[in-house]
Structures are given as structure tokens and as C-alpha cells.
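Here is how the chains run, residue by residue.
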Amino acid sequence: MCKPVSPLVQDEIAHLFCKAEHISTVHYRYMANRPANETKNIVAKGYFVTDLAINYTKKRWEAGLAIQNLFDVKWKETGCI
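Read on for a plain summary of the structure. (Residues numbered from 1 in each chain as written. Predicted model: local features only at pLDDT ≥ 70, side-chain atom pairs only at ≥ 80, totals over all residues. Heavy atoms only, no water.)

On to the pairing of strand β6 (residues 62–67), then. For β6, a buried count of zero out of six residues is recorded, marking the element as mostly open to its surroundings. Bridge count between strand β5 (residues 47–57) and β6: six bridges; the pairing is antiparallel. Counted as the bridge partner of leucine 52 is isoleucine 67 from β6. Between β5 and β6, which pair antiparallel in sequence order, lie four residues. (Buried < 20%, exposed > 50% of the residue type's maximum accessible area, 1.4 Å probe, protein only. Helix = DSSP H or I, 4+ residues; strand = E, 2+ residues; numbered from the N terminus. Pairing = 2+ DSSP bridges.)

Given below as C-alpha cells:
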């Protein structure tokens, strides 16, 4: 049977720069090295991925920018162990 694997640490640092009309958010997830198959003879390399979101709001409009994998880290998830 296959047991799903999820990140060891997944968190969000919200309102890093927050004014009435501007909000920035950083989201990150970390996964250590882990078995990539049921027999645990293959190891999947760990990763640390950072995402960034910036929103700017005025009375009649809103603009946003979202960047996934901000530092262009190579990573791969395994489905289960």
C-alpha cells in the first residue's frame, strides 16, 4: 500500500509589507530527503521552494502579481512511499 508524502514544513509569512492598499505574502514549503518507492531503495532529493504574492488595491481596481518558485529551485515530488 502507498502512503502519501507531504512537505515537512509548509508555512506562510503574511503581511511582510502591509499598508492599507498593499499586501505582500511569502509562502514556502520544505521537504527533506525521503524514500521514493515502497522498498525505500531509491531516495528522492529534498527541496525548499519559495512563492511570492503582491497585491495592490485601490477603490475601483486591484492588481496582483504572483511568482511561484521565486528562486528557480529544481524539485520533484514523489507520489507516495
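Here the focus is the pattern of salt bridges. Opposite charge on two side chains lets them pair, provided their charged atoms get close. This model, assessed by the stated rule, comprises one salt bridge. Among the salt bridges present, the one from aspartate 51 reaches arginine 29, with a minimum N-O distance of 3.0 Å. Of the two residues, aspartate 51 is situated in strand β5 and arginine 29 in strand β2 (residues 22–31); the sequence distance between them amounts to 22 residues. Across the pair, exposure class does not vary: aspartate 51 and arginine 29 are buried alike. (Salt bridge = Lys/Arg side-chain N within 4 Å of Asp/Glu carboxyl O.)

Here we take up a nonpolar patch on the surface. Taken together, the side chains of Leu65, Ile67, Leu70 and Phe71 make up a nonpolar region of the molecular surface, amounting to roughly 370 Å² of accessible area. Position of phenylalanine 71 among the secondary structure elements: in the segment after β6. Judged by its relative accessible area of 59%, phenylalanine 71 falls in the exposed class. (Patch = residues over 30% accessible without salt bridge, like charges linked within 9 Å, V, L, I, M, F, W, Y side chains within 5 Å. Areas by Shrake-Rupley, 256 points an atom, 1.4 Å probe, with all protein chains shown as cover.)

This next bit is on the environment of glutamine 68. Residue position: glutamine 68 is located in the segment after β6. Residue classification places glutamine 68 among the exposed residues on the basis of a relative accessible area of 68%. On a C-alpha basis, the gap between glutamine 68 and tyrosine 28 in space is 9.8 Å, while along the polypeptide they are 40 residues apart. What glutamine 68 contacts, discounting residues up to four positions off in sequence, is Thr50 and Asp51. (Contact = heavy atoms within 4.5 Å.)

Let us now look at the packing of aromatic side chains. Here the structure, examined in full by the defined rule, presents three aromatic pairs. Seen in terms of ring centroids, tyrosine 47 and tryptophan 75 are 4.9 Å apart; in terms of plane orientation they differ by 40°. Their pairing is tilted. Taken together, the positions of tyrosine 47 in strand β5 and tryptophan 75 in the segment after β6 put the pair 28 residues apart, joining distant regions of the chain. Here tyrosine 47 falls in the buried class, since its relative accessible area comes to 4%. Here tyrosine 56 and tryptophan 61 contribute two aromatic rings whose centre-to-centre distance is 5.8 Å and whose plane-to-plane angle is 35°, an arrangement assigned as tilted. Over the ring of tryptophan 75 we find arginine 29; its NZ or CZ atom is 5.1 Å from the centre of that ring. (Phe/Tyr/Trp six-rings, centres within 6.5 Å; stacked < 30°, edge-to-face > 60°. Lys NZ or Arg CZ within 6 Å of the ring centre and 35° of its normal.)

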